[in-house]
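Structural features, examined
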Amino acid sequence: MIRLLIAAAIALVVSLIGSAILIRLLVRYQLGQPIRADGPEGHHFKAGTPTMGGIAVVAGAAIGYVASDAVGGIFTRTGLIVMATIIGAGLVGFIDDWIKVKAARNKGLSKTAKIIGLLAVGIGFAVAMTQWTAIQTTLSFTRFDYPGTELGEFLWSIWAILLIMATTNGVNLTDGLDGLAAGAGGLGYAAFMIIGFWQFDHFASYQVTHALDLAVVAAAMAGGIIGFLWWNAAPAQIFMGDTGALAIGSGLAALALATNTQLLLGVIGGVFVLETASVIIQIISFRGFKRRVFRMAPLHHHFELKGWPETTVIVRLWLMSGFCTALGIGLFYGDAVSSGIIDAVTRATP
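We now turn to the structure provided with this report. Note that this is a predicted model, so its numbers are computed, not measured.

Section: the packing of aromatic side chains
- Summed over all chains, the structure comprises eight aromatic pairs.
- Measuring from centroid to centroid gives 5.4 Å for Tyr-65 and Phe-75, while their planes differ by 45°, and the two rings are tilted. Here Tyr-65, found in helix α2 (residues 54-68), pairs with Phe-75, found in the loop between α2 and α3 (77-103); they are 10 residues apart in sequence, far enough to count as distant.
- Tyr-65 sits in the buried class, given a relative accessible area of 2%.
- On the basis of an interplanar angle of 70° and a centroid distance of 5.8 Å, the ring pair of Trp-198 and Tyr-333 is categorised as edge-to-face. One end of the pair, Trp-198, is in helix α6 (residues 180-201); the other, Tyr-333, is in helix α13 (residues 310-338), with 135 residues separating them in the sequence.
- Overall, the relative accessible area of 37% leaves Tyr-333 in the partly exposed class.
- Here the guanidinium or amino end of Lys-290 rests over the ring plane of Phe-286, the centre of that ring lying 5.9 Å away.
- Stacked on the ring of Trp-308, the Lys or Arg Arg-316 has its end atom at 4.6 Å from the ring centre.

Okay, here's the thing in structure tokens:
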């Protein structure tokens, strides 16, 4: 527990201070976020807001994770692989952000280049996990044997790559309002911190070898996001950019895969799923029927164009994300009770 607190606290402080430093540097060198011309008119005033704040989140998480080892911790292969995945995806996002701010346009890496970059990150994660850790290669919901369909190393690797690609894209699509993606992502990492610590405490049932170290990674990312949110909350003084969005998304997917809760990620990250689904529905509807289901996709822009104030959209989607997180943890705990991992009656007896 001490490791979790240290990782989160140090990550929070580093991210808090780092974000402030980034704001000053980016303003000084006039490296701001270009705003898409076809976006809501109410967003045009945000042009020039410092971006790439995800650097502070990733740096804070990495430093917090490393520092936590000073308190009786041991770096594990699984924890290091997940952290390397976060950093790798963040690097892809940083390159994309850098091209945008230097060219002063809302187009960075081409879609092909970004896909190749994320594929490289996903492949690296899958190969490292299957070759250097004792990962269970099953399709899982709350534990490795539920439903427990054996995929084998090759199919599991394909599944892992697709999950990382999908989750990074989902977080990236959600990152359109001040603090929205960061808040939802922070709740997701808090959930995996609880799940990882629970699996560590019940190793025989879950067989996640490095669960405690995974909980530390999740705590570090949660702390880094909280520190960044101080400056990113509406009205944002800095945006996370693709640096933060891709790092947060890849980390959530990597933790779900490492803790054998892959399908549960869809519940915990319910807001990201809804935002992605709204884009898919809009594309299919417009291309197939020449009609729009939403006034604008992703979903948060639809609510804005309906007249909701930006802060109202953010808070309500945060509430929805909190509900999804609570539901995910509830399903995880409920499975522990129904499967006999714990005795609910005994737990409830004072």
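Looking at the packing of helix α11 (residues 270-289) against α13
- α13 packs onto α11 with a crossing angle of 120° between their chain directions and a minimal axis gap of 8 Å. On the basis of their axis angle, the class for α11 and α13 is oblique. Residue-level inspection shows Gly-270, Val-271, Leu-274 and Glu-275 of α11 in contact with α13, the latter providing Leu-317, Met-320, Ser-321 and Cys-324.
- Class assignment of the residues belonging to the contact of α11 with α13 gives a composition of five nonpolar, two polar and one charged.

Examining unusual backbone geometry
- Backbone torsion omega between Tyr-146 and Pro-147 reads 0°, so that peptide bond is classified as cis.
- Inspection of the secondary structure puts Pro-147 in strand β2 (residues 146-150).
- Omega for the bond connecting Ala-234 with Pro-235 falls within 30 degrees of zero, at -5°, which places this linkage in the cis form.
- Within the secondary structure, Pro-235 sits in the loop between α8 (211-232) and α9 (241-258).
- Look at Met-52: it is not a glycine, yet its phi comes out positive at around 70°.
- When you line up the elements, Met-52 lands in the loop between α1 (2-28) and α2.
- One non-glycine residue with positive phi stands out, namely Asn-260, at about 60°.
- Note that Asn-260 resides in the loop between α9 and α10 (265-268).

Brief notes about the pattern of salt bridges
- Scanning the entire structure with this criterion turns up seven salt bridges.
- The closest approach of N and O atoms between Asp-213 and Arg-3, which form a salt bridge, is 3.1 Å. On the criterion of sequence distance, the pair formed by Asp-213 in helix α8 and Arg-3 in helix α1 is long-range, its members being 210 residues apart. As far as burial versus exposure is concerned, Asp-213 and Arg-3 are alike and both buried.
- The salt bridge involving Arg-143 is made with Asp-335; its shortest N-O contact spans 2.6 Å.

A few points about the pairing of β2
- Relative to β2, strand β1 (residues 138-143) is paired through four bridges, and the arrangement is antiparallel. Across the sheet, residue Thr-138 finds its bridge partner in β2, namely Glu-150.

Conventions we followed
Residues numbered from 1 in each chain as written. Predicted model: local features only at pLDDT ≥ 70, side-chain atom pairs only at ≥ 80, totals over all residues. Heavy atoms only, no water. Phe/Tyr/Trp six-rings, centres within 6.5 Å; stacked < 30°, edge-to-face > 60°. Helix = DSSP H or I, 4+ residues; strand = E, 2+ residues; numbered from the N terminus. Buried < 20%, exposed > 50% of the residue type's maximum accessible area, 1.4 Å probe, protein only. Lys NZ or Arg CZ within 6 Å of the ring centre and 35° of its normal. Axes fitted to C-alpha atoms, helices over the stretch in contact; angles between N-to-C directions. Parallel < 35°, antiparallel > 145°, perpendicular 65-115°, else oblique. Contact = heavy atoms within 4.5 Å. Nonpolar A, V, L, I, M, F, W, Y, C, P; charged D, E, K, R; others polar. Salt bridge = Lys/Arg side-chain N within 4 Å of Asp/Glu carboxyl O. Pairing = 2+ DSSP bridges.

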